[in-house]
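Here's the letter readout for the chains.
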Amino acid sequence: MSVHDLHGITLESLLTRLVAHYGWDELGKRIDINCFISDPSIKSSLKFLRKTPWARTRVEELFLETQFTDE
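Please read all numbers here as calculations on a predicted model, not as lab measurements.

Calculation notes
- Residues numbered from 1 in each chain as written.
- Predicted model: local features only at pLDDT ≥ 70, side-chain atom pairs only at ≥ 80, totals over all residues.
- Heavy atoms only, no water.
- Helix = DSSP H or I, 4+ residues; strand = E, 2+ residues; numbered from the N terminus.
- Salt bridge = Lys/Arg side-chain N within 4 Å of Asp/Glu carboxyl O.
- Buried < 20%, exposed > 50% of the residue type's maximum accessible area, 1.4 Å probe, protein only.

Draft legend 1. Quick peek at unusual backbone geometry. In this structure, D39 is a non-glycine residue whose phi angle is positive, near 50°. Mapped onto the elements of the fold, D39 is located in the loop between α2 (34-37) and α3 (42-51).

Below, the structure is given as structure tokens:
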């Protein structure tokens, strides 16, 4: 998959799927950002990711690298 494959996928659905797959603890280990480690929520994470391009890029890269078992 490439970044072009993310076209049409909202950041919220991408993040929700990662959280369902990894859980907040593992997500915080894979991407060391405070919104995943300290009192995480979808809402606070989306707010941070929308303002922080480097973090959003890392989340998108992890999504593309992840082999989801429910596909």
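That shown, we press on.
Draft legend 2. Here's a closer look at the environment of D32. Relative to the helices and strands, D32 resides in the loop between α1 (11-30) and α2. Residues D32 and A55, spaced 23 residues apart in sequence, show a C-alpha to C-alpha distance of 9.3 Å.

Draft legend 3. Highlighting the pattern of salt bridges. The final tally for this structure, using the stated rule, is two salt bridges. Across the pair E26 and R30 runs a salt bridge whose closest N-O atoms are separated by 3.0 Å. In this pair, E26 and R30 are both assigned in helix α1, four residues apart and thus about one turn of the helix distant. For E26, a relative accessible area of 28% translates into the label partly exposed. A salt bridge links E60 to R56; the shortest N-O distance between them is 3.0 Å. With E60 and R56 both in helix α4 (residues 53-65) and four residues apart, this pair spans about one turn of that helix.

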